[in-house]
Amino acid sequence: MDALVAALPANAWACAFPVDTHNEAVQRAYEEYVRDDEGRLTDEVHGFEPVTG
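Residues numbered from 1 in each chain as written. Predicted model: local features only at pLDDT ≥ 70, side-chain atom pairs only at ≥ 80, totals over all residues. Heavy atoms only, no water.

## Focus on the packing of aromatic side chains
Each aromatic ring pair is characterised by the separation of its centres together with the angle its planes make. Scanning the model with the defined rule gives 1 aromatic pair in all. When the ring of F17 is compared with that of Y33, the centres are 6.4 Å apart and the planes differ by 45°; the resulting orientation is tilted. Taken together, the positions of F17 in the loop between α1 (2–5) and α2 (22–34) and Y33 in helix α2 put the pair 16 residues apart, joining distant regions of the chain. Looking at F17, the relative accessible area reads 16%, which means it is buried. Overall, Y33 belongs to the partly exposed group, its relative accessible area being 47%. (Phe/Tyr/Trp six-rings, centres within 6.5 Å; stacked < 30°, edge-to-face > 60°. Helix = DSSP H or I, 4+ residues; strand = E, 2+ residues; numbered from the N terminus. Buried < 20%, exposed > 50% of the residue type's maximum accessible area, 1.4 Å probe, protein only.)

What follows is the structure, encoded as structure tokens:
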């Protein structure tokens, strides 16, 4: 994963989670890495918007 992200802009990152779907992984990434910083997480693969409430 890191190799795929290395050529992207500095704010791009990658991680993996033991979940069954891509959307679950995006939601978990939002909850673990983005929510507390009041940031946004853009899923450019499937266009999934994490539940923020």
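Structure's up, so let's keep going.
## Digging into the nonpolar core
Counting 7 residues, the largest nonpolar core consists of F17, V26, A29, Y30, V34, L41 and F48. Contacts of V34, omitting those with residues within four sequence positions, involve W13, A29, G39, R40 and L41. (Core = buried A, V, L, I, M, F, W, Y, C linked by side-chain atoms within 4.5 Å. Contact = heavy atoms within 4.5 Å.)

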